[in-house]
Amino acid sequence: MKVSLFDYELPADRIAQSPPERGSSRLLVLERDTGAISHRRFSDLPGLLKPGDVLVRNDVRVRHARLWARDPLKRLTEIFLLEAIDGNAARWIALARPGRRAKPGRRLDFPEGLTGTVAALGDGGRREVVFDRPVDDAYLDRCGSVPLPPYIRREAGAADRDEDRAAYQTVFARQALAVAAPTAGLHFTPALFDEIAARGVAVKDLTLAVGAGTFKPVTADDSASHAMDAERVWIPQETLDAAAAARSSGGRVVAIGTTVARSLEAAARLGPGPAATLPFSTDLFITPGFQFRAIDALVTNFHLPRSTLLMLVCAFAGRERVLAAYEEAIRDGYRFYSFGDAMLIS
């Protein structure tokens, strides 16, 4: 499909720059079958679920993967760590900004006396950075910054705001494998999960390690020419069993976020047997015309124009209906993107 079909105009003041109190966001409810829209609060979500539903969430934790370095001229350079090479925490694939300050052979100085050297330049602006000692999660927790998306404006090199560190992590996050948050999950509180469980709704987990591909713009004119980056997925048998039981008894599988939707739909295409319970990689690109097999409802945020995330939502609920809902949300003052408001599509 033409990527321009997924464009829309968003006033700059609709892009949320600060996190709301968790659970206090607005919730636009969109009915897939009719296109009907209603306006609620996120705290109303438990009452919109039904006994017998199963709610599936992505329990990945965001790594504080953004580091600030100084080059030999003492200029500030951002190094965004993507993944350790072959599990070696002293060698990383990274992005750099500005890239001209991270040329091959360039030495960079980091907090606590850590040094790194840009060893090689790869595709898509990626760099191999070799450090003089392992860069582990403990170091990143002390010295790294929250990898907020670039549309959330913060001063380069400044210390993290405490509110950002707290807000850009779900309350159910576990292993630090992601470079971006599964943002639909940011709205939930422990109290909301208690209410959801009290209604007879099961809550189950899976893990998708959100990678740098989440920031990858669609530059092609046609979606068929865009390639998704592969991401690792782990789905417990317990989660697959609960989802199957819900659907067989008339309940719904409600995905918290596009990462959960892609994970479950990718698993559904692995076929019966144990394959879906083993760690696997998926580069599934969901666009209109896709036949959903695994999910029945979706909790999601409002996504960027022309993005793969918006295309997935349009595939689920219909492009015209989704864009009409976005237009209404803009008129009604909803906040957009990672720290913004939410949608329930059912």
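Structure shown above.
Our subject in this report is the structure included herewith. All values derive from a computational prediction rather than experimental measurement. (Residues numbered from 1 in each chain as written. Predicted model: local features only at pLDDT ≥ 70, side-chain atom pairs only at ≥ 80, totals over all residues. Heavy atoms only, no water.)

**As for the environment of A261**
What counts, and what does not: Per the convention used, a helix needs a DSSP run of H or I reaching at least four residues, while a strand needs a run of E reaching at least two, with both numbered from the N terminus. Note on definitions: a residue-residue contact is assigned when non-hydrogen atoms from the two residues lie within 4.5 Å.
If you trace the backbone, A261 turns up in helix α6 (residues 258-268). Other than its neighbours up to four places away in sequence, A261 contacts A255, I295, L298 and L312.

**Some points on the pattern of salt bridges**
For side chains bearing opposite charge, pairing can occur when the charged atoms are close. Threshold: Within this document, salt bridges are pairs made up of a side-chain nitrogen of Lys or Arg and a carboxyl oxygen of Asp or Glu, the two lying within 4 Å of each other. Relative accessibility thresholds used throughout: buried, under 20% of the residue-type maximum; exposed, over 50%; partly exposed, between the two (1.4 Å probe, protein chains only).
Throughout the structure, instances matching the rule amount to 25 salt bridges. A salt bridge links D13 to R14; its shortest N-O distance comes to 3.2 Å. A salt bridge links R174 to D59, with the nearest nitrogen and oxygen atoms 3.4 Å apart. Of this pair, R174 sits in the loop between α3 (162-167) and β11 (176-178) while D59 is found in the loop between β3 (54-58) and β4 (61-62), placing the two residues 115 residues apart along the sequence. Exposure remark for D59: the relative accessible area of 7% places this residue in the buried category. Because the salt bridges share partners, they merge into one network encompassing R57, D59, R174 and D205.

**A look at the nonpolar core**
Keep this limit in mind: Residues grouped as a nonpolar core are buried Ala, Val, Leu, Ile, Met, Phe, Trp, Tyr and Cys residues, joined through side-chain atoms within 4.5 Å.
Grouped together as the largest cluster of nonpolar side chains are 70 residues, with contacts concentrated most on Y8, Y168, L264, I295 and F336. By residue number, the principal contributor to this core is helix α7 (residues 308-317), which donates 8 residues. With residues up to four places along the chain from it excluded, the contact list for F336 reads Y8, L10, R14, I15, A16, F302, Y326, A329 and I330. Formed by 21 residues, the second largest nonpolar core is a distinct cluster that contains F80, L81, V129 and F131.

**Quick word on the pairing of strand β12 (residues 202-208)**
In plain terms, the rule: Paired strands are those between which DSSP finds at least two bridges.
Most of β12 is tucked away, with 5 of its 7 residues classed as buried. Taken together, the 5 bridges between β3 and β12 define a ladder with parallel strand orientation. Bridging across to β12, N58 finds its partner in L206. Across 2 bridges, β12 lies against strand β13 (residues 231-234) in antiparallel orientation. Within the sheet, the bridge partner assigned to T207 lies in β13 and is W234.

**Observations concerning the sheet that holds strand β14 (residues 253-256)**
Stated formally: Only the stretch in contact is used when a helix axis is fitted, and all axes are lines through C-alpha atoms; the angle between N-to-C directions ranges over 0 to 180 degrees.
Pairing in this open sheet of 9 strands is mixed, and the strands run β2-β1-β17-β16-β14-β3-β12-β13-β15 from one edge to the other. The open sheet terminates on both sides in strands that have one partner only, identified here as β2 (37-41) and β15 (280-282). Mean inter-strand twist for the sheet, computed between neighbouring axes without regard to direction, equals 25°. Bridging between strand β1 (residues 26-30) and β2 involves 5 bridges; their strand directions are antiparallel. Of the residues in β2, the one forming a bridge with L28 is H39. Each of β3, β12, β13, β14, β15 and β16 (297-301) touches α6; the most contacted strand, β12, lies at about 85° to it.

**Remarks on α7**
Taken across its 10 residues, α7 has 9 buried, putting it largely inside the fold. Burial in α7 covers these residues: T308, L310, M311, L312, V313, C314, A315, F316 and A317. The inward-facing, buried residues of α7 contact β1, α6, β16, α8 (319-331) and β17 (342-345). Once α7 finishes, G318 follows within two positions and takes phi at roughly 100°, a positive value.

**Things to note about the packing of α7 against α8**
Any two packed helices are characterised by how steeply their axes cross, that is the angle between the axes, and by the distance between the axes. The test is simple: Under this grouping Gly is polar, as are all residues other than the nonpolar Ala, Val, Leu, Ile, Met, Phe, Trp, Tyr, Cys and Pro and the charged Asp, Glu, Lys and Arg.
With their axes 7 Å apart at the nearest point, α7 and α8 run at an angle of 115° to one another. From α7, L310, V313, C314 and A317 reach across to α8, where they touch R319, R321, V322, L323 and Y326. Here the residues of the contact of α7 with α8 sort into 7 nonpolar, no polar and 2 charged.

**Some remarks on the packing of aromatic side chains**
So the rule is basically this: Only the six-membered ring of Trp is used, alongside the rings of Phe and Tyr, when aromatic pairs are assigned; centres must lie within 6.5 Å, and planes under 30 degrees apart are stacked while those over 60 apart are edge-to-face, with the rest tilted. Two conditions define a charge sitting above a ring: the NZ of Lys or the CZ of Arg must be within 6 Å of the ring centre, and it must be within 35 degrees of the ring normal.
For the coordinates displayed, the defined rule picks out 15 aromatic pairs. In this structure an aromatic cluster arises from ring pairing among Y8, Y151, F302, Y326, Y334, F336 and Y337. For the cation-ring pair, R26 lies above Y334, with the distance from its terminal atom to the ring centre recorded as 3.9 Å. Note that R32 overlies the ring of F316, its terminal NZ or CZ placed 3.8 Å from the centroid.

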